[in-house]
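The primary structure of each chain is shown beneath.
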Amino acid sequence: MRASTFLFHRTRPRLARAALAISVATGFFCVLLAPSPRAQDQSPEQFMLSLAAAIDDSTLKPRERLGLRLFFDASLSEPAGLACASCHDPRRAFTGNNNTMIGVALGSRTDQFGTRDAPTIMYLATTPRFSRNGGIESDGKRVPVGGHFWDGRADTLEEQAKQPLFNPVEMNNSEIKLLIAKVAKAAYAGEFRKEWGDAIFADPEAALDAVGASIAAFERTRVFQPFTSKFDYVMRGEATFTEQEQRGLSLFTIRQKGNCAQCHTVDTASRDPQKSLFTDFSYRALGLPRSPRIPKNADPAFVDLGLCERVPVAGVKPGTPAANPAVTDPATCGLFKTPTLRNITITAPYMHNGLFDHLRDAVAFYATRDTDPSRWFPEGRKFNDLPAQYRANVDVDTPPYQRRPKQRPQLNDEEIDDIVAFLYTLTDGYRREGTGLYNKPRTEITPPRSPNSSSSPPASRGDY
Ligand code: HEC
Ligand code: HEC
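Residues numbered from 1 in each chain as written. Chains lettered and ligands numbered in written order. Predicted model: local features only at pLDDT ≥ 70, side-chain atom pairs only at ≥ 80, totals over all residues.

### Focus on the overall build of the protein
Defined as follows: The helix count covers DSSP runs of H or I at least four residues long, the strand count covers runs of E at least two residues long, and both are numbered beginning at the N terminus. Placing a C-beta atom from the backbone of each residue, one calls two residues in contact when those atoms lie within 7 Å.
Across its full length, the protein holds twelve helices and six strands. In the protein, the proportion of contacts linking residues at least 24 apart, taken out of those at least 6 apart, comes to 72%.

### Some remarks on the site of ligand 1
Condition: Only the C-beta atom matters for this test: placed from the backbone, it must lie within 6 Å of a molecule or strand for the residue to be near it.
Near ligand 1 you find 27 residues, and of these C84, C87, F149, W150 and P164 are the closest. Broken down by secondary-structure element, the contributors of at least two residues to the shell around ligand 1 are α4 (84-87) and α5 (157-166). Counting residues per element, the shell around ligand 1 draws most heavily on α5, which supplies five residues.

### Here's the deal with the site of ligand 2
Around ligand 2 sit 27 residues in total, of which G258, C260, C263, F336 and H352 are the nearest. Considering each element in turn, the shell around ligand 2 owes the most residues, four residues, to helix α11 (residues 359-368).

### What to know about α5
Here is the rule: Labels follow a simple rule on C-beta atoms placed from the backbone: if 20 or more others lie within 10 Å of a residue's own, it is buried; if 12 or fewer, it is exposed; otherwise it is partly exposed.
Counting buried positions along α5 yields nine of ten residues, so the element is predominantly enclosed. Looking only at α5, the buried set comprises L157, E159, Q160, A161, K162, Q163, P164, L165 and F166. The secondary structure elements touched by the buried residues of α5 are α4, α6 (176-185) and α8 (204-219).

### Thoughts on the pairing of strand β4 (residues 142-145)
Under the convention used in this document: Strand pairing requires that DSSP identify at least two bridges connecting the strands.
Two elements, strand β3 (residues 131-136) and β4, share three bridges in a ladder whose sense is antiparallel. Directly across from S131, in β4, lies its bridge partner V145. Hairpin connection of β3 to β4: five residues between the antiparallel strands, including G140 at a positive phi of 90 degrees.

### Quick look at the packing of helix α10 (residues 243-253) against helix α12 (residues 413-423)
Note the cut-off: Angular values range over 0 to 180 degrees, each being the angle between N-to-C directions of two axes fitted as lines to C-alpha atoms, with helices fitted over their stretch in contact. Small angles under 35 degrees read as roughly parallel and large ones over 145 as roughly antiparallel, with 65 to 115 read as roughly perpendicular and the rest as oblique. Nonpolar residues are Ala, Val, Leu, Ile, Met, Phe, Trp, Tyr, Cys and Pro. Charged residues are Asp, Glu, Lys and Arg, and all others, Gly as well, are polar.
Where α10 contacts α12, the two axes come as close as 7 Å, and the packing angle between them is 100 degrees. By the angle class used here, α10 and α12 are roughly perpendicular. Of α12, the residues touching α10 (which contributes Q244, E245, R247, G248, L249, L251 and F252) are E415, D418, I419, A421 and F422. Here the residues of the contact of α10 with α12 sort into six nonpolar, two polar and four charged.

### Describing the environment of A186
Among the structural elements, A186 can be located in the loop between α6 and α7 (189-196). On the basis of neighbour count, A186 is assigned to the partly exposed category, with 15 C-beta atoms found within 10 Å. Between the C-alpha atom of A186 and that of D73, which follows or precedes it by 113 residues, the distance is 8.6 Å. Those residues in contact with A186 that lie beyond four places of it in its chain are D73 and S75.

### Describing the nonpolar core
Quick reminder of the rule: Definition of nonpolar core: a set of buried Ala, Val, Leu, Ile, Met, Phe, Trp, Tyr and Cys residues joined via C-beta atoms within 7 Å.
Core analysis: the biggest nonpolar cluster contains 89 residues, and F71, A83, V363, I419 and L423 have the highest contact counts within it. It is α8 that provides the largest number of residues to this core, a total of eight residues. Beyond its immediate sequence surroundings of up to four residues, F71 is in contact with A83, C84, A85, I215 and F218. In terms of nonpolar packing, the next biggest core, distinct from the first, is built from 13 residues, W150, V327, L335 and F336 among them.

### Brief notes about the packing of helix α3 (residues 62-71) against α8
As a packed pair, α3 and α8 sit with axes 7 Å apart at the nearest point and diverge in direction by 100 degrees. One way to sum up the angle between α3 and α8 is to call them roughly perpendicular. Residues R63, E64, L66, G67, L68, L70 and F71 of α3 form the contact with α8, whose participating residues are V211, S214, I215, A217 and F218. Of the residues in the contact of α3 with α8, the class split is eight nonpolar, two polar and two charged.

Okay, here's the thing in structure tokens:
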């Protein structure tokens, strides 16, 4: 599905409705037709083990290795068949939506879709806890920051890891006891006891905490934060940007051009790439168009309000893990967390609603959201995925959002290309030696099927 999905202004309302129906239907169609990512004779469990085997675990400590085993265990879902890695595939910088093509993930049951795109879970190790006012802008304004998920409803990786196990549209376990019984039967149950104590399985709550802590320990290893992109090599003085990449970096940082770095933090003065995580963990309302391919969006009454609502893990039985409560301030409706842009070229689709298949479209949206709204919104009705009373929450003052209709776009075509070229330097594995990364030498795995699998910036300029 290309950017043309967004060209509603060329269709009349009735046609637009039909197009919407077709898009939703096509979304399902893609799911049904999606070729199996694994060999026919392989069970999901075996396939996950083969993905896990490609990770260099030689430097992992026992608890981290246990986390790896849990992360790739497809027997923990209800019904069995779905692992964390099904939606967080290491070949796609730990994204993938369980191989759907509609921008949101498919759960363990064949007809249960979520409402958000699975973000990369790389470079999260230093995420601060959620704080309502913890971010300070250059003008002194305070913004919410921190936490996990698009809406920050978990404070730590430990707490986060428990939620998907019980979320009915993800791994769908109904009770802690039942989940822990599966862990107690797993091939690594002995390692689990060794790490957490012989009696651990007798106390399901404690065992669940141990599951969360083991997965979090794994997520904090270098497997998830290798810092091996071309950008990192350039920062360490071991590689140089092309002219176009250099131009892209300038446009990315200059306030009156892309101003991307205001939220997608980068510190080019530092040789330490850890200073450039490409996120400040802040929450913002970008005013994205409503995605017609999310099944739940067929219901006009359904709106994802982000921070002020915090998707409750619907249907979760009492006693399963709780989350941060929703922020009650209506000024936080429509705000979502700024994600890292590291590995962005292999993590399509983009945005919390998985709206864009092409990275170039995501960047072009910033450039022309306000100068050419009809390109993005049906009949140019801006911010159509937010109820009217919350539209004022959308940022229309910070560059690159400060333009007005009929003005020149904030970035022209060449400048968008330059930024995209720069973003291509953020993919890990630029040089492979000794990285402890997902690239164990001589491991052959079928390349992932990605909605955007091109190895060079995709050209969406034809639609422009
Ligand atoms: C069915 C697909 C699916 C499965 C299975 C799944 N996730 Fe996720 N994951 C998602 C989606 C979708 C989100 C974003 C949800 C949201 O923001 O509400 C997410 C978010 C996350 C985040 C937060 C990232 C951030 O930027 O804050 C982490 C960490 C994570 N998942 C880890 C896990 C772990 C660990 C498991 C296994 C226990 C797991 N996931 C299983 C789809 C999945
Ligand atoms: C004021 C803060 C801010 C600025 C400035 C900003 N972004 Fe973002 N960016 C965000 C937020 C917040 C999101 C997530 C929005 C959502 O999904 O609702 C995001 C999402 C993205 C995504 C999708 C990431 C993913 O994993 O899905 C890309 C790509 C991106 N931004 C690139 C850029 C570029 C390029 C620029 C400069 C032209 C830029 N951003 C400027 C805050 C910002």
